[in-house]
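Notes for the structure review
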Amino acid sequence: MTRYALHPQVGLRTETFGALAYHYGNRRLTFLNDDTLVTVVRSVGDHDDVESALDAAGVPAARRDVYRSALARLAEAEVLVDLAGVESSGDVAR
Amino acid sequence: MKVTDRLSRGLEAPICLTWELTYGCNLSCVHCLSSSGRRDPRELTTDELFAVVDELAAMQVFYVNIGGGEPTLRPDFFALLDHCVASKVGVKFSTNGSRITPAIARRLASTDYVDVQISIDGADAATNDAIRGVGSFDVATAAMRKLADAGFGEFKVSVVVTRDNVEQLDDFLALTEGYGAQLRLTRLRPSGRGADVWDQLHVTAEQQRVLYHWLLDHPTVLTGDSFFHLSALGEPLPGLNLCGAGRVVCLIDPVGDVYACPFVLHDQFKAGSVRDAGGFTKVWRESALFTELREPDSAGACASCGSYDACRGGCMAAKFFTGLPLDGPDPECVHGHGEAALLAASARPETGSGHSRRAPVLVPLSRRVGAG
C-alpha cells in the first residue's frame, strides 16, 4: 500500500497557479500546477494511504490515475517521501 | 499556461532574492556589479537586517543569495546567518574567501541550510589577479581548501566568464572538482564598474559559440540561467530561459533599496525600499516598477527574428548599460543584431564611481603575460 508524506526538508508556498515546493537539501524547485494536487500534497501525510488522501480531497475516480502518477513523480523528485517503501526497506532504523 | 508565462506574471514572493549586505570590500575587482569598496553609513542596521529576515520568512522566501561587497566584513554577518537559519530562510553567500578560517569552515560545514560560493575569475593566479587583485587567487583557493578539509561538501565556485578566461573552462571544472565543489559560471554584465571594462572583456561571438556547446556538454555546471541569450544558437540551455527581473528575482542593496535584479543598480530600476511603509512585501507585490515588468514583453525590434522565443531579447541590464533600447536585441545577440545596434546606440547611462575606493585599473593582457 502506497503511503506518502511531505518530505521534512521541503517547504511549500501557495501561489496563484497552485504552489511552489522547494527542497532545502537538494535545492530543487518544483511547480505544483493544480490546487487539488496541492491539497493532496499538504494532507497526504495525515492519511494511512494515498487512496484515503484522494478521497478526502474529493478526487473523482476517473481522475485517480492522473493524481497517482503525479504523486509518484513528486516522490521521485523527493518532494514526497514514500513511507511504505522506507519502512519495508528498513531505512527508518538506520 | 507555460511555466515561463506563469513566472513572467510574478509570484507571491521571489524565488531567488539577492541581498547585498554591504558596499564595503577588501578587494576592488574591475568588473564589480555594485561598484563596491567603502561601506555606506546608511547601510541597514543589525535590527533592520533581522526585521527583513522576519519578513522574508513570513513571505516564505525559501532562500536568499547574500553578497556585497564582501558580506563577511559586517561584524553581524554570522549573527544574521544564524537568524536566517533559525527562521528557515536558507542562505547561499558569496565571498572572496578572505574571512574563511578553519574554525569558520567547520562551523559552516555543520550548519544545514547554508551554502557558500567562492568567487574566482581565472583558473590560475595571473588570469584571476588581473581582474580581482594581487593575491586574491591564493586567498580564494586557500578558503576552498579549508571548506573541503572541514567536510563542507559541495560548495560553489563562481566564475564570471570573460574573454581572457573562457579558454579555461575545463581548468575551472578540474580545479572545482578537486575541492569536491560545484562550478558556477555567470555572464559578464556591463553593470557597476563592469561598464568600464565590458568592451575589453566581454566574450567574442566565436567564444560565445564555444561556451554554448561547452554548457550543453556539461549540464551539471550551474549558471543561474545567466546565459539564456545563447539559447538562440539552437537547443535551449537548461533552466528557465527568461529574464526574471522583478518577476522571480530582485535585489536588496546594502541601504535597503530594492532593485529589479542584481545587475541594474540604477534609479530607473529601483522599485522602493525595505524602509518604506509596508516594507519589502509591499515593494515586491505592489510597486509600480515590478507591476510594469510583469506585463507581457514587447518583442520590439526582435519581433521579426525567428529566435525570439528562445532568447526573449536577452538581458535587460546588458541592454540598458550599453545604451540599447530595452525592446531590441541584447548587445551579445548571437545573430549579431546587438553588434549592429551598438554601432548606433544611445549614450550609455552615467553610473558614477559608486562606492569604489579608487578606480581599479585592468592590466592589459599583453603586459600580464610574462609579468608573472
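Residues numbered from 1 in each chain as written. Chains lettered and ligands numbered in written order. Predicted model: local features only at pLDDT ≥ 70, side-chain atom pairs only at ≥ 80, totals over all residues. Heavy atoms only, no water.

1. What to know about the confidence of the model for chain B
Put simply, the rule is: pLDDT measures the predictor's confidence residue by residue and takes values from 0 up to 100.
Per-residue confidence for chain B gives a mean pLDDT of 93; residues scoring 70 or more make up 96%. Reported confidences for the modelled complex are a pTM of 0.91 and an ipTM of 0.81.

2. Quick word on empty space enclosed by the protein
All names here are of chain B. Here is the rule we go by: Only protein atoms enter the 1 Å grid, on which a cavity is a set of points fitting a 1.4 Å probe that cannot get out and a pocket is an open set with protein on both sides within 12 Å along at least 5 of 7 lines, lining residues being those with an atom within 4 Å of a point. Grid points are joined across faces, edges and corners, and a volume is the space filled by probe spheres set on the points. Numbered from the N terminus, helices here are DSSP runs of H or I no shorter than four residues, and strands are runs of E no shorter than two. In the scheme used here, Gly and all other residues not listed as nonpolar or charged are polar, with Ala, Val, Leu, Ile, Met, Phe, Trp, Tyr, Cys and Pro taken as nonpolar and Asp, Glu, Lys and Arg as charged.
A full pass over the atoms with the stated rule returns two cavities of 30 Å³ or more. In this structure, the largest cavity occupies an estimated 60 Å³ of space. Counting residues per element, the ones that place at least two in the lining of the largest cavity are strand 6 (182–187) and helix 9 (205–217). Looking at the lining of the largest cavity residue by residue, the class counts come to five nonpolar, four polar and two charged. When its volume is computed, the second largest cavity comes out at roughly 30 Å³. Around the second largest cavity sit Phe 78, Leu 81, Asp 82, Arg 107, Leu 108 and Thr 111, which together line it. Contributing elements (two or more residues each) for the lining of the second largest cavity: helix 3 (77–86) and helix 4 (102–109). Counting residues per element, the lining of the second largest cavity draws most heavily on helix 3, at three residues. For the lining of the second largest cavity, the residue count by class is three nonpolar, one polar and two charged.

3. Examining the interface of chain B and chain A
This is how it is decided: We call two residues contacting when some pair of their heavy atoms lies within 4.5 Å. Using a 1.4 Å probe, buried area is obtained as the accessible area two parts lose upon being combined, added over both of them. Think of a salt bridge as a Lys or Arg side-chain nitrogen and an Asp or Glu carboxyl oxygen that are within 4 Å of each other. Counting of polar contacts relies on pairs of N or O atoms within 3.5 Å, with two restrictions inside protein: one atom must be capable of donating a hydrogen and the other of accepting it, and residues adjacent in sequence are counted only when both atoms are side-chain atoms.
At the interface, 19 residues of chain B touch 15 residues of chain A. It is Arg 6, Phe 62 and Tyr 113 of chain B that lose the most area in chain B upon contact with chain A, and together they represent 39% of the buried surface on that side. In this structure, the connection of chain B to chain A is made through one salt bridge. Note that Asp 115 of chain B is salt-bridged to Arg 27 of chain A, the shortest N-O span being 3.5 Å. Summed over the shared surface of chain B and chain A, the number is seven residue pairs in polar contact (both at pLDDT 80 or more). Residue assignment for the side of chain B that touches chain A shows that the elements contributing at least two residues are helix 1 (3–8) and strand 4 (114–119) of chain B. Among the elements that make up the side of chain B that touches chain A, the one with the highest residue count is helix 1 of chain B (three residues).

4. A word on helix 2 (residues 46–58) of chain B
Along an α-helix, residues three or four apart share an orientation, since each turn contains 3.6 residues. Residue and element names in this part refer to chain B. The line we're drawing: Multiplying one less than the number of residues by 1.5 Å gives the expected span of a helix. For every residue, the accessible area (1.4 Å probe, protein chains only) is compared with the maximum for its type, and the residue is labelled buried under 20%, exposed over 50%, or partly exposed between those bounds. Each direction from the helix axis to a C-beta atom contributes to the arc, which is the arc of those directions.
The end-to-end C-alpha separation of helix 2 is 19 Å, in line with the 18 Å expected for 13 residues at 1.5 Å each. Regarding helix 2, the residues found buried are Leu 49, Val 52, Val 53, Glu 55 and Leu 56. Relative to the axis of helix 2, the buried residues are bounded by an arc of 160° and lie together on one face. Seen from the open side of helix 2, the exposed residues pointing more than 90 degrees away from its buried face are Asp 47 and Ala 58. Lining the buried residues of helix 2 we find strand 1 (16–20), strand 2 (63–67), helix 3, strand 7 (249–252) and helix 10 (279–286). Directly beyond the C-terminal end of helix 2, a positive phi value near 60° is found at Gln 60.

5. Details of the side chain of Asn 65 of chain B
By secondary structure assignment, the location of Asn 65 of chain B is in strand 2. For Asn 65 of chain B, the residues in contact, after removing those within four places along its chain, are Cys 16, Leu 17, Thr 18, Trp 19 and Lys 92 of chain B.

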